[in-house]
Amino acid sequence: MIRTENLGKYYTSHSHHEVHAVRDVTITISKNSFVILKGPSGSGKTTLLNIIGTLDRPTEGRVRMCGEDITSFSDIALSRLRREKIGFIFQDFHLIPYLATWENVSYPLVPLGIDIRKRFERAKTLLEKVGLGDRLDHTPEELSGGQQQRVAIARALINNPEILIADEPTSNIDEETGEHIVEILTEQKSHGATILVATHDTRFERVADVIFRLKDGKLE
Amino acid sequence: MNKHINLLLLATENILRHKTKTVVVCLCIVAILSPFITAIAISEGIREQSLISVGESADLYLTYDEFGRNAAVPLKYLDEIKKIFGVTKAIPRIIGRGYLQNKLAVIVGIRREDIPPSVSCISGRVFEHAHEVIVGYELANHFQLHPGDQFSMRGQQRKTFTVTGLFSADSSIWGASMILMSFQDAGELFGKQDVATDIQIYTLPGHNSAIAADLYDIFQNEPYRIQDKQMIETYFKKGFMLKEGIFTALYTIAFALGIPAILVASGFGLSERRREIGIMKATGWNTLEVLELISFEQIFISLLGAVTAIVLSILWVKLFHGAFIAQFFVAEMPMLPKFTLPSRFLPLPCLLSFFFAFLLTMVGSIYSSWRASVEPPVISMK
Ligand SMILES: Nc1ncnc2c1ncn2[C@@H]1O[C@H](COP(=O)(O)OP(=O)(O)OP(=O)(O)O)[C@@H](O)[C@H]1O
Ligand SMILES: [Mg+2]
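The rules we used
- Residues numbered from 1 in each chain as written.
- Chains lettered and ligands numbered in written order.
- Predicted model: local features only at pLDDT ≥ 70, side-chain atom pairs only at ≥ 80, totals over all residues.
- Heavy atoms only, no water.
- Helix = DSSP H or I, 4+ residues; strand = E, 2+ residues; numbered from the N terminus.
- Buried < 20%, exposed > 50% of the residue type's maximum accessible area, 1.4 Å probe, protein only.
- Contact = heavy atoms within 4.5 Å.
- 1 Å grid on protein atoms, 1.4 Å probe; cavity = no way out; pocket = protein on both sides within 12 Å on 5 of 7 lines; lining within 4 Å.
- Points joined across faces, edges and corners; volume = space filled by probe spheres on them.
- Nonpolar A, V, L, I, M, F, W, Y, C, P; charged D, E, K, R; others polar.
- Donors = N, O, S within 2.8 Å, 3.2 Å for Na, K, Ca; no water.
- Pairing = 2+ DSSP bridges.
- Axes fitted to C-alpha atoms, helices over the stretch in contact; angles between N-to-C directions.
- Right-handed = clockwise from strand over helix to strand, strands pointing away.
- pLDDT = per-residue confidence, 0-100.

## What about the overall build of chain B?
Here is step 1: For chain B, the helix and strand inventory stands at 11 helices and 13 strands.
Here is step 2: Relative to its full complement of 382 residues, chain B shows a buried share of 51%.
Here is step 3: At a minimum sequence separation of 6, the contacts of chain B that also span at least 24 residues come to 80%.

Here's what the structure looks like:
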């Protein structure tokens with residue numbers, strides 16, 4: 001399903017020091033598997049997820065998805081891939097501050113030509129699923145970190161993605177809600193999705209099929 | 001189709017949501033466009049008026065020349081002029097100015113049968129007897145004059161005039177602050193008998209040069225002067241263009257200052273916008289959709305700005321008589337009396353203003369939006 005080949009991402013810092021955020025990573029993720037990515041802070045988890053999720057371009061190497069080399073995709077083809085296949089849950093949520101939660105969740109549906117009532121219904125169903133059915137009209141700043149995290153999860157699920165990528169989805173969350181999120185992701189897997197999660201949370205280990213460990217940008 | 005409707009609706013919502021930005025951009029648009037629209041409206045109005053009045057006016061104007069200025073013509077030649085071959089009509093007029101209390105009014109003395117067809121009484125009747133006058137509606141309004149009322153001109157208390165009617169005119173050359181009276185009365189009022197300030201000569205087409213030769217025979221050594229329609233038209237246009245040129249220069253300066261303002265204003269909140277575009281891209285929007293949304297927003301905001309500017313310009317002309325702008329356009333007229341400020345709001349300049357506003361706001365937003373959109377989302381989302 002997804003394969004990275006000798007993936008590398010380098011940054012040049014202000015002091016002209018080259019940072020190798022990800023180095024020579026070759027992994028294969030098979031369809032409908034639950035994969036978790038572990039590693040200390042700064043080990044390159046976010047960088048790797050961003051590249052796999054098509055949000056960033058690698059410095060070297062390539063990513064194949066369903067046999068296609070997506071590193072060479074055009075801007076428009078990447079948009080299409082994100083829309084049709086990928087749901088991404090960001091480490092820092094990235095909600096639009098002036099939109100109500102339901103609007104944030106259903107925002108990806110706007111350019112699909114889905115009318116406002118249907119968008120609202122879909123968003124409502126998903127928000128209820130993540131336990132925020134009573135917060136539809138709140139803006140992100142009126143929500144706690146954990147609640148914002150769940151809004152971000154609901155948004156990632158709005159297109160029923162085949163590939164769900166989550167960057168530390170339980171890091172801001174209490175025990176109980178964390179458990180709930182693990183459940184939601186597992187449920188997505190049972191519907192056929194491929195799940196890729198970067199996390200320190202040991203609860204994910206129970207449900208994981210594969211665990212990759214990163215250290216200093218390299219696979220251990 | 002539904003997609004475009006969604007984007008359109010979202011654009012309106014965004015415009016309403018970001019009120020401060022909307023207001024600031026609109027104000028910039030208004031500041032740039034309002035003087036422009038007002039000026040165009042006034043200049044169009046004047047152009048139209050001048051065409052009407054030139055069309056209505058005589059083919060030749062005959063006056064005397066005194067110290068290089070127009071001076072009165074003795075009436076004794078009138079019959080001879082009428083007899084020239086090719087002359088269809090010769091109308092003597094007295095045009096002068098006088099104060100009615102503290103307001104300067106244009107007084108026109110003309111024979112009853114020579115009143116142009118574009119002048120029509122809106123109440124009362126045309127003067128018939130001595131000391132009867134008809135008054136333009138604006139002047140009448142100002143002094144609350146009605147048919148039957150009597151008045152005297154300042155400094156001429158012995159002569160009392162009776163208002164027999166109020167008139168309006170299609171072309172404001174036969175202006176709204178004018179007093180029309182018989183040729184005789186005007187002569188008495190200005191204390192000059194048997195002269196006219198000018199004689200309007202209407203001719204058959206193609207006879208003007210022959211008529212000029214005949215006039216030369218009639219007047220011989222008298223200091224007379226003839227002006228034809230073209231000359232008046234040219235004079236009109238020349239004065240007009242000159243003043244218009246000054247306005248254009250001033251406007252260009254204002255404009256050069258306004259553009260950066262509008263660019264800055266529409267780039268307002270750009271970093272927030274960039275982040276938002278990054279999020280949109282990350283969640284499946286494509287660049288075209290992002291740009292479509294932004295363009296719709298710019299269309300709305302420029303529409304809003306342009307409409308406000310047009311409304312303001314109309315108020316400017318109608319309520320404030322185009323203050324600060326009118327003087328650039330109203331050129332002095334030698335033959336034709338002064339008139340009130342005409343204006344004309346044509347659809348084309350209004351449409352152009354809108355496009356112009358759109359262009360400006362687009363320049364301020366589309367490039368940066370496009371840049372934000374084609375970057376990898378992780379960079380624009382930061
Ligand atoms: N834009 C950037 N410019 C320079 N260096 C960067 C940039 N983004 C990430 N890095 C560096 O790349 C390395 C990997 O960062 P990354 O965010 O992928 O780590 P992480 O494993 O997600 O850490 P955490 O668990 O704290 O989220 C870090 O050393 C970081 O400093
Ligand atoms: Mg991270």
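## Concerning empty space enclosed by the protein
All names here are of chain A.
Here is step 1: Per the stated rule, a full pass over the model turns up three cavities of 30 Å³ or more.
Here is step 2: Here the largest cavity is characterised by a volume of approximately 90 Å³.
Here is step 3: Counting only elements with at least two residues in the lining of the largest cavity, the list comes to β6 (86-89) and α5 (145-157).
Here is step 4: In terms of residue count, β6 provides more of the lining of the largest cavity than any other element does, three residues in total.
Here is step 5: In this structure, the second largest cavity occupies an estimated 80 Å³ of space.
Here is step 6: Considering the residues around the second largest cavity, the lining is formed by Ile 51, Thr 54, Asp 56, Arg 57, Pro 58, Val 63, Ile 70, Thr 71 and Leu 78.
Here is step 7: Residue composition of the lining of the second largest cavity, by class: five nonpolar, two polar and two charged.

## Considerations on the coordination of the magnesium ion (ligand 2)
All names here are of chain A.
Here is step 1: Around the magnesium ion (ligand 2), the protein contributes the donor atoms Thr 46 (OG1) and Gln 91 (OE1), at 1.8 to 2.4 Å from the metal centre. Residue Thr 46 is located in helix α1 (residues 45-52), and its partner Gln 91 is located in the loop between β6 and α3 (101-106); the two are separated by 45 residues in the primary sequence.
Here is step 2: According to the relative accessible area criterion, Thr 46 is partly exposed, its value standing at 29%.
Here is step 3: Accessibility expressed as a relative area gives 31% for Gln 91, which makes it partly exposed.

## A short note on the sheet that holds strand β4 (residues 60-65) of chain A
All names here are of chain A.
Here is step 1: On the basis of which strands lie adjacent, the open sheet formed by four strands has the order β2-β1-β4-β5 and antiparallel pairing. Looking along the sheet, the strands with just one partner apiece sit at the ends: β2 (18-29) and β5 (68-69).
Here is step 2: Across five bridges, the pairing between strand β1 (residues 2-12) and β4 is antiparallel. Bridge pairing links Thr 4 to Val 63 in β4.
Here is step 3: Packing of α1 onto the sheet brings it into contact with β1, β2 and β4, and relative to β1 it is tilted by some 125°.

## What to know about the sheet that holds strand β3 (residues 34-38) of chain A
Residue and element names in this part refer to chain A.
Here is step 1: Taken in spatial order, the six strands of this open sheet run β6-β7-β8-β3-β9-β10, and their pairing is mixed. Strands at the two margins of the open sheet, each flanked by one partner only, are β6 and β10 (218-219).
Here is step 2: Direction of pairing for β6 relative to strand β7 (residues 163-167): parallel, over a ladder of four bridges. The residue of β7 that forms the bridge with Gly 87 is Leu 164.
Here is step 3: Against the sheet, α1 makes contact with β3, β6, β7, β8 (194-198) and β9 (210-215), and its axis sits at roughly 155° relative to β7, the strand it touches most.
Here is step 4: Against the sheet, α5 touches β6 and β7, its axis set at about 175° to β6.

## Considering the pairing of β8 of chain A
Within a regular strand, side chains alternate between the sheet's two faces.
All names here are of chain A.
Here is step 1: The buried count for β8 comes to five of five residues, which makes it a mostly enclosed element.
Here is step 2: Residues of β8 alternate between two faces, with Thr 194, Leu 196 and Ala 198 on one and Ile 195 and Val 197 on the opposite face, all of them buried.
Here is step 3: Direction of pairing for β3 relative to β8: parallel, over a ladder of four bridges. Looking across to β8, one finds that Leu 37 is bridged to Ala 198.
Here is step 4: Here five bridges tie β7 to β8, and the two strands are oriented parallel to one another. What sits directly across from Ala 166, in β8, is Val 197.
Here is step 5: With helix α6 (residues 175-190) bridging β7 and the parallel β8, this β-α-β connection has right-handed handedness.

## A closer look at the confidence of the model for chain B
Residues and elements named next belong to chain B.
Here is step 1: In the predicted model, chain B carries a mean pLDDT of 83, and the fraction of residues at 70 or more is 87%.
Here is step 2: Here helix α7 (residues 229-266) stands out as the least confident element of chain B, with mean pLDDT 69; helix α1 (residues 2-17) is the most confident, with 93.
Here is step 3: Note on residues 331-339: pLDDT is under 50 here. Beyond four places in sequence and across chains, it has 27 contacts.
Here is step 4: In the predicted assembly, ipTM is 0.95 and pTM is 0.75.

## Section: unusual backbone geometry
Here is step 1: Positioned with a positive phi, Asn 32 of chain A is a non-glycine residue whose angle comes to about 60°.
Here is step 2: Summarising the element assignment, Asn 32 of chain A is placed in the loop between β2 and β3.
Here is step 3: You will see that Gln 144 of chain B, though not glycine, has its phi angle at about 55°, which is positive.
Here is step 4: When its relative accessible area of 55% is taken as the criterion, Gln 144 of chain B is described as exposed.

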